Amino acid sequence: MKKKNKIEISVLITNFNNQKFLKDSIHSLKKHKFKNFEIIVIDDQSKDGSLKLLKQIKNIKLIKTKTKTKFPSYNQMRAYFKGYKKSKGKIICFLDSDDFFEKKKLEFIHDYFKKNKEVQIVFDKPII
């Protein structure tokens, strides 16, 4: 019996009404050569067709939130926490649904943590 690879990286994407960017955001992950990762999208009760789009995309985990507050940043942090609880990766990456990852970012992150075992967190500068 072939042993399945353990998931190395979990990419958590929070979404609220970003249908127009969501497909490109997820596609930026799927074109990586590094394949040992999972995509978890946490949708915060979108009303713009995001859910319909997400249901058509294969190989993602979709989590729908059930409650919402009037504080958007709290909703986003709570959504990330829900995604974190369902994640299987040793490394957690956060990606906004209106953003994307450069082509080799996952491979770079994986290799960096492998070489620098004492490091527990990494931040990068966004490209504008």
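Details of the structure are given in the entry above.
Residues numbered from 1 in each chain as written. Predicted model: local features only at pLDDT ≥ 70, side-chain atom pairs only at ≥ 80, totals over all residues. Heavy atoms only, no water.

## Quick word on the overall build of the protein
And then number 1: Each helix and strand counted, the protein has four helices and four strands in total.
And then number 2: Reading the helices (α) and strands (β) of the protein from amino to carboxyl end gives β-α-β-α-β-α-β-α.
And then number 3: For the protein, the C-alpha radius of gyration of 15 Å lies close to 14 Å, the compact-globule estimate for 128 residues.
And then number 4: Along the first, second and third principal axes, the C-alpha atoms of the protein reach 40 × 35 × 30 Å.
And then number 5: A burial count over the protein gives 38% of its 128 residues as buried.
And then number 6: Taking as baseline every contact in the protein between residues at least 6 positions apart, the subset at least 24 positions apart corresponds to 65%.
And then number 7: Approximately 9,600 Å² of the protein is accessible, and the part contributed by carbon and sulfur atoms is 56%. (Helix = DSSP H or I, 4+ residues; strand = E, 2+ residues; numbered from the N terminus. Rg over C-alpha atoms; globule rule 2.2 N^0.38 Å. Buried < 20%, exposed > 50% of the residue type's maximum accessible area, 1.4 Å probe, protein only. Contact = heavy atoms within 4.5 Å. Areas by Shrake-Rupley, 256 points an atom, 1.4 Å probe, with all protein chains shown as cover.)

## Some thoughts on the side chain of serine 25
And then number 1: Mapped onto the fold, serine 25 is located in helix H1 (residues 19-30).
And then number 2: For serine 25, a relative accessible area of 1% gives the class buried.
And then number 3: If we ignore the near neighbours within four places in the chain, the residues touching serine 25 are Ile13, Leu95, Asp96, Ser97 and Asp99.

Structural measurements only, silent on function.
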